[in-house]
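# Structure assessment
Single-letter residue listing:
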Amino acid sequence: MTKPLRKAVLPVAGLGTRFLPATKAMAKEMLPVVDKPLIQYAVEEARAAGIEQFCFVTGRGKTAIVEHFDIAYELERTLEERSKKAELELLRASAVEPGSIVTVRQQVPLGLGHAVWCARAFIGEDPFAVLLPDDLMLCETPCLAQLAQAYRDTGGNVVAIEEVPRERVNRYGVLDVEKDMGRLVSVKGLVEKPPVEKAPSNLTIIGRYVLMPEVIGHLARMERGAGGEVQLTDAMAKLIGRQPFHGLRYEGRRFDCGDKAGFLEAQVAFALKRADLAPAMREILQRYA
Ligand code: UTP
């Protein structure tokens, strides 16, 4: 029996330099795709996977992320008075259980591994998910729910993976494959941002993870990896051989919303999925074809 997966860590303390000047005074995770901020997509995906407790790892200038999940009493009252039922429903649908979100601060953005380590008291002895909100997923079964199912099947650590063209592997954490079983891949090694010619495969880790709490002990050593940052990938690699470690080829699509082109594509893809916007969006696209 695997321990149930109930906790998620959402690191949101990065500087978002690729989106300056938009991110000068506003968190990258509050950028909307169509009409919803990235952070809300991530929280909704986590809830759909059975997550009940959230830890936002935040930093300076990120307070709007937490406030987004407060109840906006005055706004709700005004909407009620004006009989704006649909808008009220939208607000209420995104509400989370009282007390289900905690925040910890990462004072200096020393890397994703360091951000996860900052959540150590929240994690305790439990398995936990990590969602990077700038990886926006468009999946029939929510991506984290796919990972959670794989975790229930295999136990241990499971990361979402996808194939990328060889020349781009140097931007990602890359799998050294032990056994490729199709959807599931057992892993014998991991390397963060390897040079293209040294990459062990073109299977890369995306921003969805189910991890065992033992990873925290490895992160605590604060070893600096690629880019001088404390890398989550390096700490995860140390779990291999001690615990099950699998990659899951998730079903669906990912949009890298930390990148301008990826963010723009996400706007188009998500608008085309919306019955109220798809016709207008198609017309717009034709105009620019
Ligand atoms: P990115 O690698 O996209 O970095 O982080 P970034 O700082 O957000 O953006 P750029 O590259 O400067 O434009 C991936 C995720 O990890 C979080 C980020 O908030 C993002 O969700 N992160 C990264 C932290 O929380 N702390 C860190 O020290 C680094």
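Presented here is an overview of the structure given in this document. As the structure is a computational prediction, the values presented were derived from the model and not from experiment.

## Remarks on the nonpolar core
Leu10, Ile39, Ile51, Phe54, Phe56 and Leu144 are the most contacted members of the largest nonpolar core, which totals 36 residues. Of all elements in the fold, only strand 1 (7-11), helix 1 (38-48), strand 4 (53-58), strand 6 (128-131), helix 7 (143-154), strand 8 (157-163) and strand 11 (203-211) reach the threshold of two or more residues within this core. Excluding residues that lie within four positions of it along the chain, Phe54 makes contacts with Ala8, Leu10, Val43, Ala46, Arg47, Ser100, Ile101, Val102 and Phe122. Core analysis: the second largest hydrophobic core is formed by 33 residues, Val9, Val130, Leu219 and Phe245 among them.

## Quick look at the pattern of salt bridges
Two side chains of opposite charge can pair, provided their charged atoms sit close to one another. Enumeration over the complete set of coordinates arrives at 19 salt bridges. Among the ionic pairs, Asp126 bridges to Lys3, the shortest N-O distance being 3.1 Å. Separated by 123 residues along the polypeptide, Asp126 in the loop between helix 6 (120-123) and strand 6 and Lys3 in the segment before strand 1 bring together distant segments of the chain. Since its relative accessible area comes to 24%, Asp126 is described here as partly exposed. Notably, a salt bridge pairs Lys7 with Asp126, separated by 2.8 Å at the nearest N-O pair. One end of the pair, Lys7, is in strand 1; the other, Asp126, is in the loop between helix 6 and strand 6, with 119 residues separating them in the sequence. Take Lys7: its relative accessible area is 9%, and that puts it in the buried class. Here the residues in one salt-bridge network are Lys3, Lys7 and Asp126, joined through shared partners.

## With respect to the pairing of strand 1
Taking burial as the measure, the five residues of strand 1 include five buried ones, the bulk of the element. A two-sided burial pattern is seen for strand 1, the buried positions comprising Lys7, Val9 and Pro11 on one face and Ala8 and Leu10 on the other. Relative to strand 4, strand 1 runs parallel, the two being bridged by five bridges. Its bridge partner lying in strand 4, Leu10 is registered against Phe56. Strand direction decides the pairing type here: strand 1 and strand 6, joined by three bridges, are parallel. Residue Val9 lies in a different strand from strand 6, and its bridge partner there is Val130.

## Re the side chain of Arg254
Turning to its location among the elements, Arg254 is positioned in strand 13 (residues 253-256). Of the polar contacts made by the side chain of Arg254, one reaches the side chain of Tyr172; its length is 3.0 Å.

## Some remarks on the side chain of Glu29
Relative to the helices and strands, Glu29 is located in the loop between strand 1 and strand 2 (32-33). Each residue touching Glu29, except ones within four places of it in the same chain, is listed here: Pro11, Val12, Pro37, Leu38, Ile39, Lys62, Ile65 and Pro133.

## Details of the pairing of strand 8
With respect to burial, strand 8 is a largely interior element, six of its seven residues being buried. Note: strand 8 against strand 12 (residues 245-249), five bridges, orientation parallel. Pairing of Ala160 across the sheet is with Leu248, part of strand 12. Pairing between strand 8 and strand 11: five bridges, direction antiparallel. Within strand 11, the residue paired with Glu162 across the bridge is Thr204.

Conventions we followed
Residues numbered from 1 in each chain as written. Predicted model: local features only at pLDDT ≥ 70, side-chain atom pairs only at ≥ 80, totals over all residues. Heavy atoms only, no water. Core = buried A, V, L, I, M, F, W, Y, C linked by side-chain atoms within 4.5 Å. Buried < 20%, exposed > 50% of the residue type's maximum accessible area, 1.4 Å probe, protein only. Helix = DSSP H or I, 4+ residues; strand = E, 2+ residues; numbered from the N terminus. Contact = heavy atoms within 4.5 Å. Salt bridge = Lys/Arg side-chain N within 4 Å of Asp/Glu carboxyl O. Pairing = 2+ DSSP bridges. Polar contact = N/O pair within 3.5 Å; in protein donor to acceptor, adjacent residues only side chain to side chain.

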